[in-house]
Amino acid sequence: MKKLTVLGATGSIGVSTLDVVARHPDRFQVVALTGNSRIEVLYQQCLQHRPRYAVVGRPEDAAAVGARLSDAGVATEVLAGPQALEFVAALPEVDAVMAAIVGAAGLMPTLAAVRAGKQVLLANKEALVMAGQLFMAEVKAHRATLLPIDSEHNAVFQSLPADYAGQPARAGVSRILLTASGGPFRTTPHEALRAVTPEAACAHPNWSMGRKISVDSATLMNKGLEVIEAHWLFGLAPEQIEVVVHPQSVIHSLVQYIDGSVLAELGNPDMRTPIAHALAWPERVAAGVAPLDLPAIARLDFERPDLERFPCLGLAYRALAAGGNAATVLNAANEVAVAAFLDGQLPFLGISEVIGATLDAIPVEEMPDLAAILATDAHARNIASEMLQRCRA
Ligand code: NDP
Ligand code: MG
């Protein structure tokens, strides 16, 4: 029996995770579930999975949900706040932690799981982007196991040899190709991007996801964050990570070897496949995903990304090349800009402007420790908020 904590259980990845878990009650047991604001969803999940602990954002919600669960005969202890997230991520009885909180809020609980030496199923790419060097050093120091949930990185992981260990040259890997759907605005002319709404940006053609990552997909920042994520996960130089637009999202990413062989993982675009892969690894379990019907799909298309219409991808490569604190700044500025866009306070094209201006404003520095990372994150959020005023027009 594998015992699980699901961080971000009430979100898109969390719900898909519990869907796979519910298919295999003989294999997986939920010990802790966490949400933030979607209290009713968390309550229903606790009724179904009967975890030992649940965590919500606010103490008053914890008390209310705890009382309702107790009335329903469920003995879940309901806690609140960031410390409680770290507590349930590091419980001694837990084997694996699904890290599916969105954004920088996921860093500390994910690090707590790493430091407790857990199997960490990583969906929360922002944690790795903002703290890559430290994060990977902690994985090594505490012998944690990192299994990628992001579909592209999961595909790369599956296409690499089992003993890869972050060493491309030894494995004969020349580069990886990360596929990108291109998002909802792949063919939208630049002029028309000025007026796009949050609703249009969140209507992804292939994947159903939370709102923040949906906007990231629309700007191609999601692919930029994934380039940085791949750098840390697989020990690849920026020039070994190429992005290919593939609108059908059937090939989830590819690994090219020095002899010319290219290995890939294909499937229907459904996050339950990478989730099931990581939950059961190194075994395999059913995920509830329909089998791939290639004749029905009929064709697969590929094109190069358009960095002029989607400058966020270029900004991410710039931050990766700069190193030090630059990716922390990039991630923080992106979170501020995307929240402002979703709130109707910033036009779509302002997102890349805010991020670019924030990167310009903060000098590149080495970042040896967690305190410096958190200070840079906070500073970059302040600067990005100032830049919002300028980029609103
Ligand atoms: P959602 O917005 O659907 O879910 C986010 C989860 O995080 C929710 O459970 C939410 O709680 C919780 N949360 C938000 N803010 C906080 C906070 N301050 N403290 C504690 N918990 C918080 O996002 P997704 O599931 O789409 O994405 C989750 C992560 O997975 C992201 O990093 C994303 O990039 C990554 N990912 C997602 C994919 C997808 O297909 N969705 C694909 C690949 C990666 P609540 O809802 O209760 O407020
Ligand atoms: Mg992805």
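Residues numbered from 1 in each chain as written. Chains lettered and ligands numbered in written order. Predicted model: local features only at pLDDT ≥ 70, side-chain atom pairs only at ≥ 80, totals over all residues. Heavy atoms only, no water.

Draft legend 1. The arrangement of the sheet that holds strand S10 (residues 251-257) in detail. The mixed open sheet is built from four strands, whose spatial order is S9-S8-S10-S11. Strands with a single pairing partner mark the edges of an open sheet, and in this sheet they are strand S9 (241-245) and strand S11 (262-266). Going from strand to strand, the sheet's axes swing by 20° on average, the running direction of each strand aside. Relative to S9, strand S8 (residues 173-180) is paired through five bridges, and the arrangement is parallel. The residue of S9 that forms the bridge with Ala-180 is Val-245. Where helix H12 (residues 221-234) meets the sheet, its contacts fall on S8 and S9, and the angle it forms with S8 comes to roughly 150°. (Pairing = 2+ DSSP bridges. Helix = DSSP H or I, 4+ residues; strand = E, 2+ residues; numbered from the N terminus. Axes fitted to C-alpha atoms, helices over the stretch in contact; angles between N-to-C directions. Contact = heavy atoms within 4.5 Å.)

Draft legend 2. The environment of Ala-155, seen in detail. As for its position among the elements, Ala-155 is in helix H7 (residues 151-159). In this view, Ala-155 contacts His-252, Ser-253 and Glu-265; residues no more than four positions away in its chain are not counted.

Draft legend 3. Highlighting the coordination of the magnesium ion (ligand 2). The protein atoms that coordinate the magnesium ion (ligand 2) are Asp-150 (OD), Glu-152 (OE) and Glu-226 (OE), at distances of 2.1 to 2.2 Å. Counting along the primary sequence, the residues that act as donors to the magnesium ion (ligand 2) give the motif D-x1-E-x73-E. Placement of the pair is Asp-150 in the loop between strand S7 (145-148) and H7 and Glu-226 in helix H12, with a sequence separation of 76 residues. Residue Asp-150 is classed as buried on the basis of its relative accessible area of 7%. (Donors = N, O, S within 2.8 Å, 3.2 Å for Na, K, Ca; no water. Buried < 20%, exposed > 50% of the residue type's maximum accessible area, 1.4 Å probe, protein only.)

Draft legend 4. Region of interest: helix H18 (residues 370-391). The end-to-end C-alpha separation of H18 is 31 Å, in line with the 32 Å expected for 22 residues at 1.5 Å each. If you check which residues of H18 are buried, you get Leu-370, Ile-373, Thr-376, Asp-377, Ala-380, Ile-383, Ala-384, Met-387, Leu-388 and Cys-391. In an axial view of H18, the angular spread of the buried residues amounts to 160°, which keeps them on one side of the axis. Pointing more than 90 degrees away from the buried face of H18 are the exposed residues Ala-371, Glu-386 and Gln-389. Against helix H5 (107-115), helix H6 (125-141), helix H16 (326-342) and helix H17 (350-361) lie the buried residues of H18. (Expected span 1.5 Å × (residues − 1). Arc of directions from axis to C-beta.)

Draft legend 5. Expanded view of the side chain of Thr-110. With respect to the secondary-structure elements, Thr-110 resides in helix H5. Only 2.6 Å separates the side chain of Thr-110 from the backbone oxygen of Gly-106, close enough to count as a polar contact. When near neighbours in sequence (up to four residues on either side) are disregarded, Thr-110 contacts Leu-7, Ala-99, Val-120, Leu-122, Asn-124 and Phe-135. (Polar contact = N/O pair within 3.5 Å; in protein donor to acceptor, adjacent residues only side chain to side chain.)

Draft legend 6. Molecular detail of the pattern of salt bridges. All told, the structure shown has 24 salt bridges when counted by the stated rule. The residue Lys-223 makes a salt bridge to Glu-226 at a minimum N-O spacing of 2.7 Å. You can see Lys-223 and its partner Glu-226 sitting in helix H12, three residues apart, about one turn around the helix. In this pair, the class of Lys-223 matches that of Glu-226, namely buried. (Salt bridge = Lys/Arg side-chain N within 4 Å of Asp/Glu carboxyl O.)

Draft legend 7. Here's a closer look at the site of ligand 1. In the neighbourhood of ligand 1, 24 residues make up the surrounding shell, with Thr-10, Asn-36, Ser-37, Arg-38 and Glu-126 lying closest. Within the side chain of Thr-10, an N or O atom sits 2.7 Å from an oxygen atom of ligand 1. In this structure, Gly-210 approaches ligand 1 through a main-chain N or O atom, which is 2.8 Å from an oxygen atom. When residues of the shell around ligand 1 are traced back to their parent elements, those giving at least two are helix H1 (12-22) and H6. Here the residues of the shell around ligand 1 are counted per class, giving eleven nonpolar, nine polar and four charged. For the shell around ligand 1, the two domains that each supply at least three residues are domain 1 (2-149) and domain 2 (156-268). (Near = heavy atom within 4 Å. Nonpolar A, V, L, I, M, F, W, Y, C, P; charged D, E, K, R; others polar. Domains from an automatic or database assignment.)

Draft legend 8. A look at the environment of Asn-154. Relative to the assigned elements, Asn-154 resides in helix H7. Overall, the relative accessible area of 2% leaves Asn-154 in the buried class. In this structure, the C-alpha to C-alpha distance between Asn-154 and His-252, residues 98 residues apart in sequence, is 8.3 Å. Not counting the four nearest positions on each side in its chain, Asn-154 is found in contact with Pro-148, Ile-149, Pro-274 and His-277. One polar contact links Asn-154 to Gln-158, side chain to side chain, over a distance of 2.8 Å.

Draft legend 9. The arrangement of the nonpolar core in detail. Among the nonpolar cores identified, the biggest contains 95 residues, and Phe-135, Ile-176, Phe-234, Leu-330, Phe-348, Ile-351 and Ile-355 are the most heavily contacted of them. In terms of residues, this core owes the most to one element, H16, which gives eleven residues. Apart from residues lying up to four places away in sequence, Phe-135 is in contact with Leu-107, Thr-110, Leu-111, Val-114, Leu-122, Ala-127, Leu-128 and Leu-146. In this structure, Val-6, Cys-46, Ala-54 and Trp-207 belong to the second largest nonpolar core, which totals 37 residues. (Core = buried A, V, L, I, M, F, W, Y, C linked by side-chain atoms within 4.5 Å.)

Draft legend 10. Region of interest: helix H4 (residues 82-89). The set of residues buried in H4 consists of Ala-84, Leu-85, Val-88 and Ala-89. End-on, the buried residues of H4 take up no more than an arc of 135°, which puts them together on one face. Those residues of H4 that are exposed and aimed more than 90 degrees away from the buried face are Pro-82 and Gln-83. Each element contacted by the buried residues of H4 is listed here: strand S1 (2-7), strand S2 (28-34), strand S3 (53-56), strand S4 (77-80), strand S5 (96-99) and H5.

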